[in-house]
Amino acid sequence: MKALHEPQRRWLVMAIALAWRAISSRSAEAQDGQGGSVVVSGAWARAVTPEARESQGFFIVRNAGATADLLVSAWSPDVETARVLERDPISAGAFRPPAEGLPILPGGTLTLEPGGPYLALNGLRQPLGSGNMIRVFLRFAQAGDVPVELRGHDH
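In this numbering scheme, every chain counts its residues from 1 along its sequence in written order. Given that the model is predicted, a residue must reach a pLDDT of at least 70 before its local features are reported, and side-chain atom pairs must reach 80 or more before they are shown or counted; all residues, however, enter totals for whole chains, interfaces and linings. Calculation of side-chain values draws on the structure's entire complement of heavy atoms; hydrogens and water are dropped beforehand.

Taking an unreviewed UniProt entry as the reference, the protein chain is identified by name as Copper chaperone PCu(A)C belonging to Falsiroseomonas oleicola.

Below is the structure:
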């Protein structure tokens, strides 16, 4: 095999370093919060204008345990109220707080996403533009409070 010239060698070393950094940072971002057997990942919030006082938060919850858990509520020092909402099965297009919480079965996942259940963030105390972060605490029936940082994204 032909020997690499210096510029090719530098490029190859840089490419390997960048690939390693991407892999390393990806695994660090893969988990945004954990409590007991509950793992929260993919956390983000809808970026809003500086004057806006409301946003929505989204994330995935995985239950790695052998018993079911419930996402019962949320709170944050960065907002006046944080509420978990789900689609109202009776009123089309409306959302409501779940009666007892959103269930996460053993080995299962719960996805809060646009158009589905989400975290309503009302009374933002600081701007939530793209790249800004707020801290929320998700309260689970079994796992307790799990801290998660929601980074503003333009979606």
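Structure's up, so let's keep going.
Per-residue confidence from the predictor is given as pLDDT, running between 0 and 100. Scored by pLDDT, the protein chain has a mean of 85; 80% of the residues are at 70 or more. The contact criterion used throughout is that any non-hydrogen atoms of two residues lie within 4.5 Å. Segment residues 17-30: pLDDT under 50, and 1 contact once partners within four positions in sequence are set aside and those in other chains are kept.

Turning to the nonpolar core, a few remarks are in order. By nonpolar core we mean a set of buried residues, namely Ala, Val, Leu, Ile, Met, Phe, Trp, Tyr and Cys, connected to one another through side-chain atoms within 4.5 Å. Exposure is judged per residue with a 1.4 Å probe applied to protein chains only, and the accessible area is read against the type maximum: over 50% gives exposed, under 20% gives buried, and values in between give partly exposed. Ranked by size, the top nonpolar core spans 26 residues in total, and within it Phe-59, Leu-71, Leu-119, Leu-121, Leu-138 and Leu-150 carry the most contacts. With 5 residues, the next largest nonpolar core counts Trp-44, Leu-85, Tyr-118 and Ala-120 among its residues.

On to the environment of Ala-43. Within the secondary structure, Ala-43 is located in strand β2 (residues 38-46). Among the residues examined, Ala-43 registers a relative accessible area of 13% and is labelled buried. Put simply, Ala-43 and Gly-33 are 10 residues apart on the chain and 9.0 Å apart in space, counted from C-alpha to C-alpha. Those residues within four positions of Ala-43 in sequence are excluded, and the remaining contacts are Asp-32, Phe-58, Phe-59, Val-148, Glu-149, Leu-150 and Arg-151. Numbering goes from the N terminus for both helices and strands, where a helix is a DSSP run of H or I of at least four residues and a strand is a run of E of at least two.

Moving on, we get to the side chain of Ser-55. Locating Ser-55 in the fold gives a position in strand β3 (residues 54-63). Residue classification places Ser-55 among the buried residues on the basis of a relative accessible area of 3%. The definition of a polar contact used here is a pair of N or O atoms within 3.5 Å, where within protein one atom must be able to donate a hydrogen and the other to accept one, and adjacent residues in sequence count solely through side-chain atom pairs. Here Arg-46 takes part through its backbone oxygen, which lies 2.5 Å from a polar atom of the side chain of Ser-55. Not counting residues up to four positions away in its chain, the partners in contact with Ser-55 are Ala-45, Arg-46, Val-48, Leu-119, Ala-120, Leu-121, Leu-124 and Leu-128.

When a carboxyl oxygen of Asp or Glu lies within 4 Å of a side-chain nitrogen of Lys or Arg, that pair is called a salt bridge. Summed over the entire model, instances satisfying the criterion amount to 4 salt bridges. Of the charged contacts in the structure, one is a salt bridge between Arg-53 and Glu-80, with a shortest N-O distance of 2.6 Å. Separated by 27 residues along the polypeptide, Arg-53 in the loop between β2 and β3 and Glu-80 in strand β5 (residues 79-87) bring together distant segments of the chain. Arg-53 sits in the partly exposed class, given a relative accessible area of 41%. One salt bridge connects Glu-149 with Arg-135, and the closest N-O pair in it is separated by 3.9 Å.

Attention shifts here to the pairing of strand β10 (residues 133-140). With 4 bridges joining them, strand β4 (residues 69-75) and β10 adopt antiparallel strand pairing. What sits directly across from Leu-71, in β10, is Phe-140. In short, DSSP must find at least two bridges between two strands for them to pair. Bridge analysis of β10 against strand β11 (residues 144-153) gives 8 bridges, and the strand direction is antiparallel. Within β11, the residue paired with Phe-140 across the bridge is Gly-144.

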